[in-house]
Amino acid sequence: MQKYRVAILGCRGRGTAAGRAYHQHPRTEVVALCDLVPELLATLGDELGVTARYDDLDRMIEAEAPDIVAIPTGTEFHYPLAMRVLEHGVHIDIEKPICTTLAEADAVLAKAAEKGVRVAVHHQGRTGGALQAVKAAIAEGRIGDLRYLQGSGKGYYGGYGLMNIATHSLNAMLGVAGPVGSVQAVALTDGRQITPEDVVPSPSGMGYIAGEHVTAALAFECGISGVLLQHRFPKMDSTAYMIEIYGTEGRLYWKSGAPWILSTPHFAPGQDEWQPLAPIVPEHYDPAGPASLEDYQFADEYVQALDEGRAHECSGDAGRHVLEILMGIFESGARGRRVDLPQADRDHPLLRWRGEHGLGLPGPMPRPYGEWLAAEDGRLGRSAS
Ligand SMILES: NC(=O)c1ccc[n+]([C@@H]2O[C@H](COP(=O)([O-])OP(=O)(O)OC[C@H]3O[C@@H](n4cnc5c(N)ncnc54)[C@H](O)[C@@H]3O)[C@@H](O)[C@H]2O)c1
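Quick caveat, the model's predicted, so the values are computed rather than measured. (Residues numbered from 1 in each chain as written. Predicted model: local features only at pLDDT ≥ 70, side-chain atom pairs only at ≥ 80, totals over all residues. Heavy atoms only, no water.)

> Just checking my understanding: could you explain the overall build of the protein chain for this structure?
Along the backbone of the protein chain there are 12 helices and 18 strands. Taken over the C-alpha trace, the protein chain has a radius of gyration of 21 Å; the compact-globule value for 385 residues is 21 Å, and the two agree within 12%. When burial is assessed residue by residue, the protein chain has 58% of its 385 residues classed as buried. Considering only contacts within the protein chain whose residues lie at least 6 apart along the sequence, 67% involve residues at least 24 apart. Accessible surface, the protein chain: about 15400 Å² in total, of which carbon and sulfur atoms supply 52%. Taking the 34 positively charged and 49 negatively charged side chains of the protein chain as two groups, their mean positions are separated by 3 Å. (Helix = DSSP H or I, 4+ residues; strand = E, 2+ residues; numbered from the N terminus. Rg over C-alpha atoms; globule rule 2.2 N^0.38 Å. Buried < 20%, exposed > 50% of the residue type's maximum accessible area, 1.4 Å probe, protein only. Contact = heavy atoms within 4.5 Å. Areas by Shrake-Rupley, 256 points an atom, 1.4 Å probe, with all protein chains shown as cover. Lys, Arg positive; Asp, Glu negative; His and termini not counted. Charge placed at Lys NZ, Arg CZ, Asp CG, Glu CD.)

So this is what it looks like as structure tokens:
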């Protein structure tokens, strides 16, 4: 059986996770690493036993001829790096969110199509064992017909939570209910509707955002609705990051690694209990190995997709549709009306909105989230939180 050759471009946290998954999977081999920081190359290279180490991605790809290049770098670098990598005609595994604007995502997918290669966007929850168990329960009819989905974030500033965490929630929701046809959102900053002055650069280089507290209604093309919550909490709380799936006869609860089922659609305390479901795990996954189950399953899905000549379940198209929904939420929150997808305008809707009000690009903000929050609280006239 062919072993796919994988190169990792960016060897910090997410590159380490990707490297471990492709190293552990029996059908993939990490053949080369690239980073601008020599210590990171040394640490990951020593751990995985990879001696081909580069600081120039073009030289790496020319010398090592990988089948797949993983691009786990800061989000603002996804677009330029993906375009450079795709020029070599190799498949990519790009971290989430795919890009910071729809125009960039369109260009990446067009370049991949021109070169005849695949794009996978690293929303590992969608291919993970917990969501597979949830989908199996739905397919077995255990909650009746799908009726409604609800997802919540971890308490990040809402607009940042959309780009950072809701990108995962949305792709998981797409895996359950299919594409979204339209969105309608309420976006509040400081307890009032957002204004063009509330558009700010995102923390962590995720483009432009607005809204401290965002609630969005989603109309799925299959004829059901959903709600996505991204609300800033006083303190982050990752237990809030989950999706609930309501059926006519029961409910399912998904969070990374932890699927649950309730045998009634209408939960009342003291009546029925939530029961755990077993995540679906490939038999060749060794939990004692360094790879996380979800990253391993993401790599496993890439192997199967390439073997079968089809798209990864977390394809470039799915990743762009997620961004389409996120940009639709920003546009809807700004204008207070429903936004139908896909959008005709591919530039950033919040920058377009500012432009219509005679405003150019917003001023710079710190990149680290804690400093960013302090600056935003200062902009809003609050003492730093
Ligand atoms: N899927 C997930 O669960 C998950 C979790 C956290 C973050 N993320 C995503 O991962 C990305 C960030 O990953 P990270 O936190 O590991 O990134 P990071 O910014 O900490 O590290 C990126 C690495 O890439 C290297 N790099 C950047 N440009 C390069 C170039 N031109 N050539 C060679 N090396 C280069 C940098 O030196 C750095 O070491 C973001 O897009 C974020 O949204 C995903």
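> Would you mind going over the side chain of Thr100 with me for this structure?
Residue position: Thr100 is located in the loop between strand 5 (91-95) and helix 5 (102-115). Overall, Thr100 belongs to the buried group, its relative accessible area being 9%. The contacts of Thr100, once residues within four sequence positions are left out, are Thr75, Met163, Gly205, Met206, Gly207, Met327 and His348.

> Any chance you could explain the domain arrangement of the protein chain here in plain terms?
In many analyses, interface size is given as the accessible surface area lost on bringing the parts together. Here the domain parsing of the protein chain yields domain 1 (4-126 + 289-309) and domain 2 (128-276). Its C-alpha centre places domain 1 at a distance of 27 Å from the equivalent point of domain 2. Interface of domain 1 and domain 2: buried area, both sides summed, is about 1400 Å²; carbon and sulfur atoms make up 48% of it. For domain 1, the biggest contributors to the area lost against domain 2 are Lys96, His123 and Arg126; these three give 45% of the whole. In this assembly, domain 1 and domain 2 are joined by 0 salt bridges. Inspection of the domain 1/domain 2 interface yields 8 residue pairs in polar contact (both at pLDDT 80 or more). Contributions of two or more residues to the side of domain 1 that touches domain 2 are made by helix 6 (124-127) and helix 9 (293-308). Of all the elements, helix 6 adds the most residues to the side of domain 1 that touches domain 2, at 3 residues. (Domains from an automatic or database assignment. Buried area = accessible area lost by both parts, 1.4 Å probe. Salt bridge = Lys/Arg side-chain N within 4 Å of Asp/Glu carboxyl O. Polar contact = N/O pair within 3.5 Å; in protein donor to acceptor, adjacent residues only side chain to side chain.)

> Please clarify how the packing of helix 1 (residues 13-24) against helix 9 should be interpreted in this entry.
For any two helices packed against each other, one specifies the crossing angle of their axes together with the interaxial distance. Between helix 1 and helix 9, the least distance of the axes is 8 Å, while the angle of their chain directions is 60°. Here helix 1 lies oblique to helix 9, going by the angle between them. Helix-helix and strand crossings are classified by hand; for helix 1 and helix 9 the assignment is right-handed. Taking contact as the criterion, the partners of Arg14, Ala17, Ala21, Tyr22 and Gln24 in helix 1 are, on helix 9, Asp295, Tyr296, Phe298, Ala299 and Tyr302. Looking at the contact of helix 1 with helix 9 residue by residue, the classes come out as 7 nonpolar, 1 polar and 2 charged. (Axes fitted to C-alpha atoms, helices over the stretch in contact; angles between N-to-C directions. Parallel < 35°, antiparallel > 145°, perpendicular 65-115°, else oblique. Left-handed = near helix turned anticlockwise from the far one by under 90°. Nonpolar A, V, L, I, M, F, W, Y, C, P; charged D, E, K, R; others polar.)

> Just to check I follow, could you spell out the packing of aromatic side chains for this structure?
The geometry of an aromatic ring pair is captured by the separation of the ring centres together with the interplanar angle, meaning the angle of the planes. One pass over the full model with this rule turns up 9 aromatic pairs. Arranged with centres 6.5 Å apart and planes meeting at 15°, the rings of Tyr369 and Trp372 form a pair that is stacked. Within this pair, Tyr369 and its partner Trp372 are both found in helix 12 (residues 369-379), separated by 3 residues, close to a single helical turn. Residue classification places Trp372 among the buried positions, given a relative accessible area of 0%. A network of ring pairs unites the aromatic residues Tyr156, Tyr157, Tyr160, Tyr369 and Trp372 as a single cluster. (Phe/Tyr/Trp six-rings, centres within 6.5 Å; stacked < 30°, edge-to-face > 60°.)

> Would you mind going over helix 8 (residues 158-177) with me for this structure?
Because each turn of an α-helix spans 3.6 residues, side chains separated by three or four positions end up pointing in the same direction. Over its 20 residues, helix 8 extends only 23 Å from the first C-alpha to the last, a length that falls short of the 28 Å expected when each residue adds 1.5 Å. Along helix 8, the sharpest change in direction is near 55° and occurs at Ala166. By the criterion of burial, helix 8 is predominantly enclosed, with 20 of the 20 residues buried. Of the residues flanking the end of helix 8, it is Gly178, one or two places downstream, whose phi is positive at about 85°. (Expected span 1.5 Å × (residues − 1). Bend = angle between axes of the 7 residues up to and from the residue.)

> When you look at the environment of His25 in this model, what are you seeing that I'm missing?
You can see His25 is positioned in the loop between helix 1 and strand 2 (28-34). Owing to a relative accessible area of 2%, His25 belongs among the buried residues under this scheme. Taking the C-alpha atoms as reference points, His25 and Ala299, separated by 274 residues in sequence, lie 7.3 Å from one another. The residues contacting His25, other than those within four sequence positions of it, are His284, Tyr296, Ala299, Asp300 and Val303. Among the polar contacts made by the side chain of His25, one reaches the main-chain amide nitrogen of Arg27 at a distance of 3.0 Å.

> I keep staring at unusual backbone geometry and nothing clicks. Help me out?
With the exception of glycine, the majority of residues adopt a negative phi angle, and the majority of peptide bonds are in the trans configuration. Following Lys96, the chain continues to Pro97 via a peptide bond in cis, the omega torsion being -15°. Inspection of the secondary structure puts Pro97 in the loop between strand 5 and helix 5. Its identity is not glycine, yet Ser204 carries a phi of approximately 60°, on the positive side. Along the chain, the position of Ser204 falls in the loop between strand 10 (200-201) and strand 11 (208-209).

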